[in-house]
Amino acid sequence: MSDRLYAESGVSWAAIGWGPAFAVVGALAELATGGPVHVVGWLMVGFALCVITMPWVYARRRFLSLEVTTEQLRQGREKVPAAEISSVTDVGAPVGARVLGGGWSVPRKYDELPVKLADGTVVLAWAKDVEALRDALDRLVRATPREA
């Protein structure tokens, strides 16, 4: 079994509760202003916002999550075995380096981390906390036995 060294989920499932919370605030605002409270309308709004948020949460958890275990680095849909990671320190990012996870570029609001692979190519890993990712990958590189 592999141990988790670092992980980011992309987004929490709690985001699904934003819509119903908005509906409760709206109903309370109606109640506080003394007007009629449209309970059925607010229930429908809360349910609709919950339903349209679910695909967004699912997509972010699938494509923007990352995990470093003792066996691999997983970025979105892509997995890189630990034995293929050569270095994460003092690696420059060449122009046109491939981004891990299947995207065209590093996702917005994420920082990039150049990673040198065993075959000499450099790819771009990404994370919100790139220093924690670098530390986890550095520990992984040092702990992984290399073929002679």
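Reading the values: rules and limits
Residues numbered from 1 in each chain as written. Predicted model: local features only at pLDDT ≥ 70, side-chain atom pairs only at ≥ 80, totals over all residues. Heavy atoms only, no water. Patch = residues over 30% accessible without salt bridge, like charges linked within 9 Å, V, L, I, M, F, W, Y side chains within 5 Å. Areas by Shrake-Rupley, 256 points an atom, 1.4 Å probe, with all protein chains shown as cover. Salt bridge = Lys/Arg side-chain N within 4 Å of Asp/Glu carboxyl O. Lys, Arg positive; Asp, Glu negative; His and termini not counted. Charge placed at Lys NZ, Arg CZ, Asp CG, Glu CD. Helix = DSSP H or I, 4+ residues; strand = E, 2+ residues; numbered from the N terminus. Pairing = 2+ DSSP bridges. Axes fitted to C-alpha atoms, helices over the stretch in contact; angles between N-to-C directions. Parallel < 35°, antiparallel > 145°, perpendicular 65-115°, else oblique. Left-handed = near helix turned anticlockwise from the far one by under 90°. Contact = heavy atoms within 4.5 Å. Nonpolar A, V, L, I, M, F, W, Y, C, P; charged D, E, K, R; others polar. Core = buried A, V, L, I, M, F, W, Y, C linked by side-chain atoms within 4.5 Å. Buried < 20%, exposed > 50% of the residue type's maximum accessible area, 1.4 Å probe, protein only.

(A) Quick peek at a negative patch on the surface. Residues Asp111, Glu112, Asp129 and Asp135 make up a contiguous surface patch of negative charge. Here Glu112 shows up in strand 7 (residues 111-117).

(B) Seen up close, the sheet that holds strand 1 (residues 4-8). An order of 1-2-3-4 is seen for the 4 strands of this open sheet, with the pairing classed as antiparallel. Taken across any chain shown, the strands that pair with only one partner, and hence form the sheet edges, are strand 1 and strand 4 (78-81). In this sheet, adjacent strand axes meet at a mean angle of 5° when their direction is disregarded. Bridge count for strand 1 against strand 2 (residues 66-69) is 4 bridges, and the pairing is antiparallel. Note on strand 2: the bridge partner recorded for Ala7 is Glu67.

(C) Structural context of the packing of helix 1 (residues 18-32) against helix 2 (residues 39-63). Here helix 1 crosses helix 2 at 160°, and the two axes come no closer than 7 Å. By the angle between their directions, the pair helix 1 and helix 2 is classed as roughly antiparallel. Both helix 1 and helix 2 take part in a crossing whose hand is right-handed. Here helix 1 contributes Trp18, Gly19, Pro20, Phe22, Ala23, Gly26, Ala27 and Glu30 to the contact with helix 2, which in turn contributes Trp42, Val45, Gly46, Leu49, Cys50 and Trp56. Grouping the amino acids of the contact of helix 1 with helix 2 by side-chain chemistry returns 10 nonpolar, 3 polar and 1 charged.

(D) How the structure looks around the nonpolar core. Of all hydrophobic cores here, the largest spans 29 residues; its most connected members are Val68, Leu73, Ile85, Val115, Leu133 and Leu137. Of all elements in the fold, only strand 2, strand 7, strand 8 (122-127) and helix 3 (130-143) reach the threshold of two or more residues within this core. Here this core gets 7 residues from one element, more than from any other, and that element is helix 3.

From the geometry alone we can't say anything about function, so treat these as descriptive.
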